[in-house]
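Coordinate inspection notes
Residues per chain, in single letters:
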There are 2 protein chains.
Amino acid sequence: MTSLHERIRSDIENRIMGGDLAPGDRLPIEAKLMEQYGCSRMTVNKAISALAATGLVERRRKAGSFVARPQAHAMVLDIPDLAEEVRGRDQEYRFRLIHRETAPAEASDLQPTHQFGIAPITGPSLLTIGVHMADGRPFAYERRVVSLTAVPEIEDAAFDPESPGSWLLQHVPWTEAETNISATGANEREARSLKITPGAPCLVLARRTWRGEEHITAVRQLFIGESYSLDARFGSARK
Amino acid sequence: MTSLHERIRSDIENRIMGGDLAPGDRLPIEAKLMEQYGCSRMTVNKAISALAATGLVERRRKAGSFVARPQAHAMVLDIPDLAEEVRGRDQEYRFRLIHRETAPAEASDLQPTHQFGIAPITGPSLLTIGVHMADGRPFAYERRVVSLTAVPEIEDAAFDPESPGSWLLQHVPWTEAETNISATGANEREARSLKITPGAPCLVLARRTWRGEEHITAVRQLFIGESYSLDARFGSARK
DNA sequence: CAGTGGTCTAGACCACTGA
DNA sequence: CAGTGGTCTAGACCACTGA
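In this text the structure is predicted, and so the values were computed from the model without any measurement.

Reading guide: rules and limits
Residues numbered from 1 in each chain as written. Chains lettered and ligands numbered in written order. Predicted model: local features only at pLDDT ≥ 70, side-chain atom pairs only at ≥ 80, totals over all residues. Heavy atoms only, no water. Near = heavy atom within 4 Å. Polar contact = N/O pair within 3.5 Å; in protein donor to acceptor, adjacent residues only side chain to side chain. Helix = DSSP H or I, 4+ residues; strand = E, 2+ residues; numbered from the N terminus. Nonpolar A, V, L, I, M, F, W, Y, C, P; charged D, E, K, R; others polar. Phe/Tyr/Trp six-rings, centres within 6.5 Å; stacked < 30°, edge-to-face > 60°. Lys NZ or Arg CZ within 6 Å of the ring centre and 35° of its normal. Disulfide = S-S within 2.5 Å. Buried < 20%, exposed > 50% of the residue type's maximum accessible area, 1.4 Å probe, protein only. Core = buried A, V, L, I, M, F, W, Y, C linked by side-chain atoms within 4.5 Å. Contact = heavy atoms within 4.5 Å. Salt bridge = Lys/Arg side-chain N within 4 Å of Asp/Glu carboxyl O.

Some remarks on the protein's contact with DNA strand D
Arg41(A), Arg61(A), Leu4(B), Ser40(B) and Thr43(B) are the nearest of the 24 residues found near DNA strand D. In DNA strand D, the atoms that sit within 4 Å of the protein are 57% sugar and phosphate, with bases accounting for the remainder. Here a base oxygen of DNA strand D sits 3.4 Å away from a polar atom, N or O, in the main chain of Lys62(A). Residue Leu4(B) places a main-chain N or O atom 2.3 Å away from a phosphate oxygen belonging to DNA strand D. Elements represented by at least two residues in the surface near DNA strand D include exactly helix H3 (41-53), strand E1 (57-60) and strand E2 (64-67) of chain A together with helix H1 (4-17) and helix H3 (41-53) of chain B. Of all the elements, H3(B) adds the most residues to the surface near DNA strand D, at 4 residues. The class makeup of the residues in the surface near DNA strand D is 5 nonpolar, 8 polar and 11 charged.

Observations regarding the packing of aromatic side chains
In this structure the tally under the stated criterion is 0 aromatic pairs over all chains. Over the face of the ring belonging to Phe66(A) we find Arg60(A), whose NZ or CZ atom lies 4.4 Å from the ring centre.

Structural notes on the state of the cysteines
Should the sulfur atoms of two cysteines be covalently bonded, the bond is a disulfide. Scanning the entire structure with this criterion turns up 0 disulfides over all chains. The cysteine Cys202(A) is free of any disulfide, with Cys202(B) supplying the nearest cysteine sulfur at 13 Å. You can call Cys202(A) buried: its relative accessible area is 0%.

A look at the protein's contact with DNA strand C
Looking at DNA strand C, there are 24 residues lining it, with Leu4(A), Ser40(A), Thr43(A), Arg41(B) and Arg61(B) nearest. Sugar and phosphate atoms represent 58% of those atoms of DNA strand C found within 4 Å of the protein. Leu4(A) has a polar backbone atom sitting 2.3 Å from a phosphate oxygen of DNA strand C. Taking Lys62(A), its side chain carries an N or O atom lying 3.3 Å from a base nitrogen of DNA strand C. Contributing elements (two or more residues each) for the surface near DNA strand C: helix H1 (4-17) and H3 of chain A together with H3, strand E1 (57-60) and strand E2 (64-67) of chain B. No other element matches H3(A), which puts 4 residues into the surface near DNA strand C. Grouping the amino acids of the surface near DNA strand C by side-chain chemistry returns 5 nonpolar, 8 polar and 11 charged.

Here we look at the nonpolar core
Counting residues in hydrophobic clusters, the biggest one holds 67 residues, and the most contacted among them are Ile154(A), Ile181(A), Ile154(B) and Ile181(B). Non-local contacts of Ile154(B), meaning those with residues more than four positions away in its chain, are made with Arg100(B), Leu126(B), Val146(B), Leu148(B), Phe159(B), Trp167(B) and Leu168(B).

With respect to the pattern of salt bridges
Following the criterion strictly, the structure yields 16 salt bridges over all chains and no others. Across the salt bridge formed by Glu142(B) and Arg144(B), the nearest N and O atoms sit 3.1 Å from each other. In terms of burial, Glu142(B) and Arg144(B) fall into one category: buried. What emerges from the salt-bridge pattern is a single network uniting Glu6(A), Arg9(A) and Glu13(A).

Focus on unusual backbone geometry
You will see that Asp90(A), though not glycine, has its phi angle at about 60 degrees, which is positive. Following the sequence through the fold, Asp90(A) ends up in the loop between helix H4 (82-88) and strand E4 (93-103). At Lys62(B), a residue that is not glycine, the phi angle is positive and equals roughly 70 degrees. Inspection of the secondary structure puts Lys62(B) in the loop between E1 and E2.

As structure tokens, this is what we get:
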């Protein structure tokens, strides 16, 4: 049994999706909907507010509620956990550690995401470089810096076959994250580790995570082009 | 003056972000919050429900409300309008049309997003190929198929200097969209149009949009690597 | 089986803003 | 200045689920 506000919400959503209500059209006012569904105003308000929260409807005082003109803005991006994704394809996942170093991390060389216009990790930190592998084949090159101020206990962790990312997710959940997505050619070192040609196109994910105000980690992952991609969605789930 | 439910919401959010409430911790029950804030249950419910909707809090009956363990899943991806973005940098935007063709669009060659495991556009369609330019320099190569069944009036539109994407956004807003992001090397034709070397790394956005059940357009945009990137976010806005 | 959240009511006063 | 949404109250009954 779905709730009444959920039913009102999906009724209106269907009318929009079906083309019955076009972008720019005005929705019935709350009083009208109360009458139609025989319910209180809080209930219709909850239904339409939910539609407004997802961007499908725009509410304006005095004027009414309108079907919004969707923009390409604010799609929902799915960034799956690499180990999970590989295992979901019935392949064997492994992280191979190439380099590990404790450093003050002031050299910008250690900062895998300096393209962000935000402060780098300061203070002592752990640098890890490694390769994500599926069925023994490398598919992503990862360079990561972890703040030892925020996560001192990571110094005792081993990162093979588990990745530092998985370890962090288990031990130090973050509350905020920023990801930058771009494309670049693999440099010589990356190409060697990934067994591809230098300059071969790769997808780059550069991510920083925080716990409150405290910076946890910055990571740059290089995926072999065309063997990896990301998906983003707007609107109701499509089969 | 912010509303009370908004204040309760941000109070709790700050306690989570500040580390006062850690992931897995239990929030005060609604009755407790009603008492603390001297308000009705609907108000605290609205505040905590909002936190639950953004994924920061998880609610369980009988057990209570808990600070969630954030996953890398479901970040919000910002896909800006190209023309707007270029003009925002005080550059001149222009779309240069290279090719235009009306076709039955059954050849998979016309389907710029065949990597999606979903049905291609069927029936008559318009194919456009062009280049997005900033200050006279090309930065993105675009191949697009528009359904003439869904948008017959597009046959009369001109696409230079306005892009078919802008035209569509003005005339036929969509309700659902799917975007796939990958990296690839430019082929010869693309490289020539973008004035780059064949094989140079590029970021690829392949997008399909629908209006309800009806397929509107499929587009594949190739951005010159490192000169373009996308951003995604999770958590509260960071300055 | 008792504690917790899910939902809903029937009001109320107010803030904004477009006609 | 009147119509619309924004917010809030003080209740109520219920569904779920963990102790």
